[in-house]
Amino acid sequence: MKYEKVLHKNLETPGYTGSLADYERQGGYQAIRKALKEYAPTQLIDLVKRSGLRGRGGAGFPAGTKWDFLPKDPALTRYLCCNADESEPGTFKDRELIERDPHQLIEGMILAAYAIGAKVAYIYIRGEFVYGAQVLERALAEANRAGYLGKKILKSGTDIEIYLHRGAGAYICGEETALLESIEGKRGLPRNKPPFPAIHGLYGKPTVINNVETLSNLPHIVNRGVEWFTSIGSPPKSPGMRIFSVSGHVNRPGNYEVPMGITLRELIHEQAGGVLGNKKIKAIIPGGASAAFLTESSLDVKMDFESIAQVGSMLGSGGVTVMDEDTCMVSAALNLMEFFAHETCGKCSPCREGSSWLVQMMRRIEHGHGRMEDLDQLVRICNNIGGKTVCAFGDAEIAPILSTLKHWRSEYEYHIKEKKCLVGNRGGQLLTIGKH
Amino acid sequence: MADTDTVKLKTETVKLTIDGREVEVPKGTLVIEAARKLGIEIPFFCYHQKLKSDGNCRMCLVAVEKMPKLQVSCSVPVSEGMVVHANTTVVQEARKGVLDFLLANHPLDCPICDEGGRCPLQDYSQKYTAYGQFKEEKRIYEKEFFSPLIEKEMNRCIQCMRCVRYCDEVIDSKALSSVNRGYHIEIGHYGEKQLECEFCGGCVQICPVGALLNRLPLYEYRPWMLTRTETTCAYCADGCSLRLESRPQTREVIEVTSFWGNETKTVWGKGRNEGDLCAKGYFGYQFVNSPNRLTKPLVRKDGRRDGPLVEASWEEALERVAEEFGRIKGLHGGEAFGALASARCTNENLYVFQKFIRLVLGSPNVDSSVRYGMVNAARALTELTGTPRWLPSYEDITQADLVFVIGTDITHSNPIVGLKVKAAAKKGAKLIVGSPLRPRISTLSHIVNLATRHLAHRPGAERIVVIGMVKAVLEQGKAAAGLAEHPSIARLRETVSKLSQKQIESATGLSYDAIRAAAEEWTAASRAVIVFGESIVRARDGYETVRILGDLALLTGKLTAEGCGLAPLYEENNEMGAYEMGVVPDRLPGLGRLDHEPDRERVQRAWKEPIPTGPGLTMIEMLAAAREGRIRALYLMGENPVGTLPASAGAAEALESAEFVVSQDLFLTETGEKADVVLPAASFAEQNGTFTNQEGRVQPVRKAIEPIHGTRPDWEILSQIAVEMGHPLEYQDGAEVSHEIARLWPACRPGGPGWREIPGRSEPAVAAERYRAERLTEGISERYRIDSGEKVPASSNGRFHLAMGPLLFHSGKMSLQADGLMKIQNRPFLYMAPEDAERFGVGEGQSVRLRSARGPGSVEVAVKIDAKYPPGMVFFPESFNEPPVKDLLTVELDKASHVPVFKTAEVVIEKIT
């Protein structure tokens, strides 16, 4: 089925370059004109609250509610930070929004900054997004020149400046408090919460951190109204469009903007063109590497926050990875575990020590050196990490192992007992590679 | 003042329940502290009361009702009605899980780890019966040479970051950092080679495991086999409590630790230093066991003055001293003796010393190293407030809303008081720093960096800066209520109004606006302390400058008010004690004045003997008298005038002129080399007694080891000479001396809370009132003068201001015998601004020739470039006698206090080609 594009409307328009002129031609920067004229900041917050827009970064927290947590004292300096540190394996939706329609993001940031009373906003962009950073620098310069940014924007009484801050290659800086530390010039380590950024954020000031896709939704909500927004997607709790990054064993991997609430089956088979070589689907990660694996039996689950949570995973960052029947689940879980072990910041003992411990055990099992008691030990280690760390990284990193063990324990046992892989082109081969 | 105290806000409290027991604690208390209050132990590694919570080890997890996950109790503040479960099965299992992780990569080298036996990781593993579940490959860090003093064993590190956080948050040194990420995090330092920092040892002490260790005694001991003696540091006058960890059987001090409470080293430390130490305190103890210690008396061969010093028995040496002293006394009377003591000695030794000089030798000529400057402050403070002791305490500095630091490079002179000032600044207090030094980022902390207002005055212009502030206060009409009408204040206003802003600006190099702004802040503050040091108390007009500081405080109602006042810093550990024990010619033990009949009478009654009348000679007068033949014998206890004073002071000539000189010391000093008899004394580690710190706190000194073979405590030597001379001053032990002092003067007992202990002294406020009415105008025009020549040369004319002063790592004879400190710095440098170095074309370590602009002589010194010094100023650490930079200095005698002033000079620097 075809859906009306919203966030992707401009960038899928032929000849659209993302320049200021193109954006204005498509009706860009009308939302801020409207907002500055028609809404007081509190009204804008109220509007976004009523829209039910939820964060597109991972946790799905209602954006308007987040804004509303800021202290009301107008004397306080506040900051807005755009989290453009998109690093979740299998997720690449923000990158496209940044590279191909930067002004949509900038307009969204202006709206958010106006609503929360921030005079200064930062875009924290992933270090590897070199091209995206160049695009944004250019777009910010254009917006400054055009008077959308800077002192008294659009001749109103509002000052908004946006600075671009490039990360240096740490996944953890996508965690909002580590992101703040990194902007402050410190090591990107998550902070203990409370206090939450709304109270004690960047430089100790009230701060809102929103994801690229979340912010990019704002101009549309302002332009087309709450009723429109709450009529699309999967209202009442998951309204709006959602961009899913589909990858893995599909015919047409890519970003798909669809209403929230379409089924996994539709997303994979209709939008992404089905599974490569018409093979059967074995596993799906529905929301980035931090989300638990689902089996084929979940194909008819609706892709909204609640429905995915009900089947024990999360919608997360919208990164959908499809694995076909020949995929070894031990190997897949190890692959992700290696990623997490590499990216742990090392602050909390359980995550720092546990991630590499898990990798070492998983490598043994993968290579045919496992022991049956390892399986219980894996679960025990995971449980000693989960819920015991400063940030959500600890909960995320255990999802691949726990979910694959739950659904495909037999594959683990086969690796251990037979020293062979059950599936795929390695099926039946002895696995005694590597040391141990 | 009393009224405001009573309206103090009642602290809000919160009630909560932990393990079924209710507890009420102040709002904001952390759950872990609330539990500690109930005696419920929650284990932890990364938490420390001195540090901000980081919550990284995850060991202190507890269950809190209505909160979804387990919470780290070190980071969660209590809230009303909170219900905490600190010991449920879930909680215990979680802690065990954390231990599993920490043990996973921790090596099993406890048997050779110096931390073994005092290691919380061991203790908690035992308690939670955690054992290694980890069957994979352990992480191995490549061994890295860290520092000659600090051993880094990263394999043992549990990445709690306490060391890094301590270095930053407490010391403000920021020398350490974590490097690499995740599983590979390790503790690193800035710079390419080895660690350069303040070497406070705090990282070693705060490390919960054996990842950072003191290298000096590495592998030499098991902690539980050492004898631990709580005592007081013998270096500076901050008066830090520390523990000598020793091996009494071999009479060896093995290492120093401080009081961080329990074995897990996790609570606020005890002592004035609250557990913090500096390089000298932590790494400077080996002078006790230095192979260069004197262990046998030395006498001139065959009694000939030109003969070499040869070893002798104690009997022979003492007999000889007694005989010579007796002969000279018989022929020339007591006036023919001069005596100098070091303020490093204990109160007991100093007390017996002055008693010996006054009674046994019958001489009024007794003085001590307090003459180098401490007397300036002691005299002025006594006049201002009735006591030489501080009115504010260290706690008052920490809690002040403004601290005014002037005339001291506090990190170097008094590092622990420096920490108090830093703590105040970090809590948000205003910090006005009067200092010619510039801000500078390095891995040594620098108080100027933290200043909220930096008065970067010309070197040597401290007095004029303070005069400017007095003037500004009076001009603004900001004198405290009721003062302005007082005639003496009117006279002061009249005096300072005659000084023009321009004069002040040209003498200080500051804009008058900056001085006025500082004065405004000072006036507006309610709890404010002036911390000042060597560049005032040991400098020209030292006594006058302290009085001007007193005037400033008095004018603004901050001289005697609660939490306010003057806080002079002293270099030697027991300067206050030496002054209070009467080791100055004009004072008796207990601060009585020699020329005040009732005071004399009181001491005479106790001693049951007449005390020679004065006035006795002060140090420089004694040396002059010796050169002139009026003084025929000198007794030097721990004091080394030849090594301390510039050659031009004529100390060497004085010793040569005297008929008989006794040097009693730990080491053979420059002075000892000129003595007729050298007596080996025991160090502070080898005897009981007390030191009085600069605040006026009397603190215990305890014997850790028996005197090094052949040495004896000073009081014992004095007592034995007295017996030989037929005028016995007999004591069974040091304690008996302490009792005698306490009988004479109850204020001299450990734990006394400062001035309040001084009997018969009026309240400071009454004394201050008397000062204002009677003394303030005394010498006012002299005190508030601005000499036209009071300008320091700029480097543009080729002349430099040379300042000699303290260095964090050295203090003189003791530090130069301490291996650890010598490993940090074993030679002196001339510190110079990079701009000047560039102008001369000299690089780090290259030498220049230093010549006095006024007198003869020149020396070659190696240069160290340090951006903290402004162009036109060079600095040389005073503890080093080689090269003899101090001999370029001339001595100026302070008319009021007889302090020999010799810490600065105008010099010319030449490049060596």
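Worth saying up front: this structure is predicted, and the values here are computed from it rather than measured.

> What's the story with the overall build of chain B in this structure? I'm lost.
Assigned secondary structure in chain B consists of 32 helices and 34 strands. Expected size for 913 residues packed as a compact globule is a radius of gyration near 29 Å; at 29 Å, chain B falls within 12% of this value. In terms of its C-alpha atoms, chain B occupies a principal-axis envelope of roughly 85 × 70 × 65 Å. Going through the 913 residues of chain B one by one, you find that 64% of them count as buried. Long-range pairs, those at least 24 residues apart, make up 73% of the contacts in chain B with a sequence separation of at least 6.

> Honestly, the nonpolar core in this entry has me stumped. Any pointers?
Soluble globular proteins: nonpolar side chains tend toward being buried together. Residue and element names in this part refer to chain B. With 120 residues, the main nonpolar core has F325, F356 and Y635 as its most contacted residues. Ranked by residue count, the leading element in this core is helix α15 (residues 462-475), at 9 residues. Lining this core are residues from two domains, each supplying at least three of them: domain 3 (298-372 + 575-757) and domain 4 (392-563 + 770-781). Residues I32, A86, F684 and L808 belong to the second largest nonpolar core, which totals 107 residues.

> Please clarify how the domain arrangement of chain B should be interpreted in this entry.
All names here are of chain B. Each assigned domain of chain B is listed with its residue range as follows: domain 1 (14-138), domain 2 (147-287), domain 3 (298-372 + 575-757), domain 4 (392-563 + 770-781) and domain 5 (795-911). Computed over C-alpha atoms, the centres of domain 2 and domain 5 are 30 Å apart. Buried surface at the junction of domain 2 and domain 5, both sides included, amounts to about 1,100 Å², of which 76% is carbon and sulfur. The largest contributions to the domain 2 side of the interface with domain 5 come from Y235, K280 and F287, which together make up 39% of the buried area. At the junction of domain 2 and domain 5, the tally comes to 0 salt bridges. On inspection of domain 2 and its partner domain 5, the count reaches 3 residue pairs in polar contact (both at pLDDT 80 or more).

> What exactly am I supposed to notice about the packing of helix α6 (residues 102-116) of chain A against helix α9 (residues 212-231) of chain A here?
Helix packing for two helices is described by the angle between their axes and how far apart those axes are. All names here are of chain A. Where α6 meets α9, the axes come as close as 7 Å, and the angle between the chain directions of the two elements is 80°. One element, α6, and the other, α9, form an angle in the roughly perpendicular class. On the side of α6, the interface is formed by Q104, L105, E107, G108, M109, L111 and A112, while α9 contributes V212, L215, S216, L218, P219, H220 and V222. For the contact of α6 with α9, a count of residues per class yields 9 nonpolar, 4 polar and 1 charged.

> Explain the packing of aromatic side chains here, please?
Aromatic ring pairs are reported here in terms of the distance separating the ring centres and the angle at which the planes meet. Residue and element names in this part refer to chain B. In the structure shown here, the tally under the stated rule is 37 aromatic pairs over all chains. Where F287 meets F684, the ring centres are 6.1 Å apart and the plane angle is 20°; that geometry is what we call stacked. Of this pair, F287 sits in the loop between α7 (279-283) and β13 (298-300) while F684 sits in the loop between β24 (677-680) and β25 (689-692), placing them 397 residues apart in sequence. Residue F287 is classed as buried on the basis of its relative accessible area, which comes to 2%. An aromatic cluster of three or more residues is present, and its members are F325, F337, F353, F356, Y635 and F660. Residue placement shows K864 over the ring face of F829; its charged tip is 4.9 Å from the ring centre.

> I would appreciate a short explanation of the interface of chain A and chain B in the present structure.
When the parts of a complex come together, some accessible area is lost, and that lost area is often taken as the interface size. Contacts between the two partners involve 33 residues from chain A and, on the opposite side, 34 residues from chain B. Our count for the chain A to chain B interface comes out at 5 salt bridges. Taken together, chain A and chain B are joined by 19 residue pairs in polar contact (both at pLDDT 80 or more). Residue assignment for the side of chain A that touches chain B shows that the elements contributing at least two residues are α12 (329-343), α13 (349-366) and α14 (372-385) of chain A. Sort the elements by how many residues they give to the side of chain A that touches chain B and α13(A) lands first, with 10 residues.

> Explain the domain arrangement of chain A here, please?
Residues and elements named next belong to chain A. You can read the domains of chain A as domain 1 (10-230), domain 2 (241-324) and domain 3 (329-432). Here the C-alpha centre of domain 3 lies 22 Å away from the C-alpha centre of domain 2. Facing 11 residues of domain 2, the contacting portion of domain 3 comprises 13 residues. When the buried surface of domain 2 facing domain 3 is broken down by residue, K282, A289 and F293 rank first, second and third, together holding 59% of it. For the pair domain 2 and domain 3, the number of links is 1 salt bridge. There are 3 residue pairs in polar contact (both at pLDDT 80 or more) connecting domain 2 and domain 3. Listing elements by their share of the side of domain 2 that touches domain 3, those giving two or more residues are β9 (281-285) and β10 (294-295).

> Sorry if this is basic, but what is going on with the sheet that holds β10(A) here?
By way of backbone hydrogen bonds, the strands of a sheet pair with one another, either parallel or antiparallel. Residue and element names in this part refer to chain A. Read from one edge to the other, the open sheet built from 5 strands follows the order β8-β7-β11-β9-β10, with strand pairing classed as mixed. Edge positions in the sheet fall to β8 (254-259) and β10, since each of these pairs with one other strand and no more. Bridge count between β9 and strand β11 (residues 319-324): 4 bridges; the pairing is antiparallel. Bridging across to β11, I281 finds its partner in D324.

> Mind showing me how you'd approach the environment of A:A133 here?
In this fold, A:A133 is placed in helix α7 (residues 130-145). For A:A133, the residues in contact, after removing those within four places along its chain, are A:I125, A:L164 and A:R166.

> Even after reading the chapter, I still don't get the packing of helix α9 (residues 347-360) of chain B against helix α26 (residues 714-724) of chain B, so can you show me in this structure?
Residue and element names in this part refer to chain B. One way to put it is that α9 packs onto α26 with a least axis distance of 8 Å and a crossing angle of 20°. Our classification of the angle between α9 and α26 gives roughly parallel. Here the hand of the crossing between α9 and α26 comes out left-handed. Across from N349, V352, F353, F356 and V360 in α9, the residues of α26 making contact are D714, W715, L718, I721 and A722. Here the residues of the contact of α9 with α26 sort into 8 nonpolar, 1 polar and 1 charged.

Conventions adopted
- All residue numbers refer to position in the chain's written sequence, counted from 1.
- Both sets of labels track the order of writing: A upward for chains, 1 upward for ligands.
- For a predicted model such as this one, the threshold for reporting local features is a pLDDT of at least 70, and the threshold for listing and counting side-chain atom pairs is 80 or more; totals across whole chains, interfaces and linings nevertheless cover every residue.
- The side-chain quantities take in all heavy atoms of the structure and omit both hydrogens and water.
- A run of H or I in DSSP becomes a helix once it reaches four residues, and a run of E becomes a strand once it reaches two; helices and strands are each numbered from the N terminus.
- As a reference, a globule follows 2.2 Å times the number of residues to the power 0.38, and the radius of gyration itself is taken over C-alpha atoms.
- For the exposure calls, accessible area comes from a 1.4 Å probe over protein chains only, and a residue counts as buried if that area is under 20% of its type's maximum, exposed if over 50%, partly exposed in between.
- Pairs of residues are marked as contacts when any of their non-hydrogen atoms sit within 4.5 Å.
- Throughout, nonpolar core names a set of buried Ala, Val, Leu, Ile, Met, Phe, Trp, Tyr and Cys residues whose side chains join them through atoms within 4.5 Å.
- All domain edges in this entry derive from an automatic or database-based domain assignment.
- Defined here as a combined quantity, buried area equals the accessible surface (1.4 Å probe) lost by two parts on assembly, summed across both.
- Counted as salt bridges are all cases of a side-chain nitrogen of Lys or Arg within 4 Å of a carboxyl oxygen of Asp or Glu.
- By the criterion applied in these results, polar contacts are pairs of N or O atoms within 3.5 Å in which, for protein atoms, one can donate a hydrogen and the other can accept it, and in which residues neighboring in sequence qualify only through two side-chain atoms.
- Fitted lines through C-alpha atoms serve as axes, helices being fitted only where they are in contact, and the angles separating the N-to-C directions of these axes extend from 0 to 180 degrees.
- Between 65 and 115 degrees an angle is taken as roughly perpendicular, under 35 as roughly parallel, over 145 as roughly antiparallel, and anywhere else as oblique.
- When residues are sorted by character, Ala, Val, Leu, Ile, Met, Phe, Trp, Tyr, Cys and Pro go into the nonpolar class, Asp, Glu, Lys and Arg into the charged class, and all the rest, Gly among them, into the polar class.
- The pairing test for Phe, Tyr and Trp rings, Trp by its six-membered ring, is centres within 6.5 Å, and the orientation test on the planes gives stacked under 30 degrees, edge-to-face over 60, and tilted for anything in between.
- In this scheme, Lys NZ or Arg CZ marks a charge over a ring once it lies within 6 Å of the ring centre and within 35 degrees of the ring normal.
- At least two bridges found by DSSP between two strands are what make those strands a pair.
- Put simply, a crossing is left-handed when the front helix is turned counterclockwise from the back one by less than a right angle, and right-handed when it is turned clockwise.

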